[in-house]
Amino acid sequence: MIYQIKFSCDEADDFRRIYEADSEATFLELHHAILQSAGYPDDQMTSFFMCNERWEKGQEVTLVEMGSNFEYDNMVMESTRLSELLEDNGQRLIYVFDPMNERCFFGRVSDILPGMRSGVECIESSGIAPVQLLQEDIIDPTKAKANEWDIDDDFYGDSQYDDGDLDMDSYQDLSFDDGSMF
């Protein structure tokens, strides 16, 4: 079978992508097709989520192996075939492309066609994808200076430490030898 999957984004009204995918293709192949058609690098911890009719997240398919969730099995893009989770025409899914801000594309299986094809292909593209990461979230430590982050040279207060400030008398009652602590 061939799935036609349409994606849109609430940040860019004119952004639309339609993919045709063989039912035996993996979510990793769909992930790569989305990145290529949006012009995004492959350097974020993206995820797919299966959704109900109110866009509430269900089963997650992660880019890499993560800790398991008690409610759902841990599924990884590389080893999860589209046919394992996409079953019905109209089925909804979310592709999170900016995990730090939960920014995503909203997808829907628009048609299920008979036949086969190789992998996943973007068959229709309109509009420009929103930037993958918001500018305020990008920090380049090679260009940053300490005063840009309000970090002073005496961050831990070690220049103000004085041995006389420590009241040794208050520690005399503590003994770990007599077992009184436990």
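Only a predicted model underlies this, so the values are computations on that prediction, with no experimental measurement involved.

J.: What exactly am I supposed to notice about the overall build of the chain here?
T.: A count of helices and strands for the chain gives two helices and eight strands. When the elements of the chain are put in sequence order from the N terminus, they spell out β-β-α-β-β-β-α-β-β-β. Within the chain, the fraction of its 182 residues that count as buried is 35%. Surface summary for the chain: the accessible area is close to 12,000 Å², and the carbon and sulfur share equals 49%.

J.: I'm lost on the packing of aromatic side chains in this one. Help?
T.: Geometry of an aromatic ring pair is reported as the spacing of the ring centres plus the angle between the planes. Under the criterion given, the structure shown has nine aromatic pairs. Taken together, a centroid distance of 4.8 Å and an interplanar angle of 50° make the contact between F48 and Y95 tilted. Pair noted here: F48 is in strand β3 (residues 47-51) and Y95 is in strand β6 (residues 92-98), with a separation of 47 residues, a long-range link. Above the face of the F49 ring, K57 is positioned so that its terminal group lies 4.4 Å from the ring centre.

J.: Would you mind showing me how to read the pairing of β3 here?
T.: Looking along a regular strand, one sees side chains alternate from face to face of the sheet. Counted residue by residue, β3 has five buried out of five residues, so it is predominantly covered. Of the two faces of β3, both are covered, the one formed by S47, F49 and C51 as well as the one formed by F48 and M50. Bridge count between β3 and strand β4 (residues 57-62): four bridges; the pairing is antiparallel. The partner of F48 across the bridge, within β4, is V61. Adjacent in sequence and paired antiparallel, β3 and β4 are bridged by five residues, among which W55 carries a positive phi angle near 65°.

J.: For this particular structure, what's the right way to read the pairing of β6?
T.: Burial analysis of β6 places seven of its seven residues in the buried class, the great majority of the element. By the bridge criterion, five bridges tie β3 to β6 in an arrangement that is antiparallel. Looking at β6, one finds that C51 is bridged to R92. Here six bridges tie β6 to strand β7 (residues 103-113), and the two strands are oriented antiparallel to one another.

J.: Whenever I open this one, helix α1 (residues 27-38) confuses me. Can you help?
T.: Side chains of residues three or four places apart in an α-helix project in the same direction, reflecting 3.6 residues per turn. Here α1 is twelve residues long and its end C-alpha atoms lie 16 Å apart, about the 16 Å a rise of 1.5 Å per residue gives. Across the twelve residues of α1, nine count as buried, placing the element largely inside the fold. Among the residues of α1, those classed as buried are F27, L28, L30, H31, A33, I34, L35, S37 and A38. Among the residues trailing α1, G39 stands out with phi positive, at a value near 75°.

J.: Explain the side chain of T26 here, please?
T.: With respect to the element layout, T26 can be found in the loop between β2 (12-22) and α1. Among all residues touching T26, those that are not within four sequence positions of it are M77, E78, T80, R81 and L82.

J.: Help me out: how do you make sense of the environment of E78 in this one?
T.: Its place among the elements puts E78 in the loop between β5 (75-76) and α2 (82-85). Considered as a pair, E78 and L63 are 15 residues apart in the sequence and their alpha carbons are 7.4 Å apart.

J.: It is not clear to me how the pattern of salt bridges should be interpreted in this structure. Could you clarify?
T.: Any two side chains of opposite charge can pair, on the condition that their charged atoms come close. Evaluation of the coordinates by the stated rule reveals seven salt bridges. Among the salt bridges present, the one from R54 reaches E56, with a minimum N-O distance of 3.0 Å. The class of R54 is exposed, set by a relative accessible area of 56%. Since its relative accessible area comes to 39%, E56 is described here as partly exposed. Between E121 and R117 there is a salt bridge whose closest N-O contact spans 2.3 Å. One network of salt bridges, in which partners are shared, links E11, D98 and R103.

Definitions and cut-offs
Residues numbered from 1 in each chain as written. Predicted model: local features only at pLDDT ≥ 70, side-chain atom pairs only at ≥ 80, totals over all residues. Heavy atoms only, no water. Helix = DSSP H or I, 4+ residues; strand = E, 2+ residues; numbered from the N terminus. Buried < 20%, exposed > 50% of the residue type's maximum accessible area, 1.4 Å probe, protein only. Areas by Shrake-Rupley, 256 points an atom, 1.4 Å probe, with all protein chains shown as cover. Phe/Tyr/Trp six-rings, centres within 6.5 Å; stacked < 30°, edge-to-face > 60°. Lys NZ or Arg CZ within 6 Å of the ring centre and 35° of its normal. Pairing = 2+ DSSP bridges. Expected span 1.5 Å × (residues − 1). Contact = heavy atoms within 4.5 Å. Salt bridge = Lys/Arg side-chain N within 4 Å of Asp/Glu carboxyl O.

Don't take any of this as a statement about function, it's just geometry.
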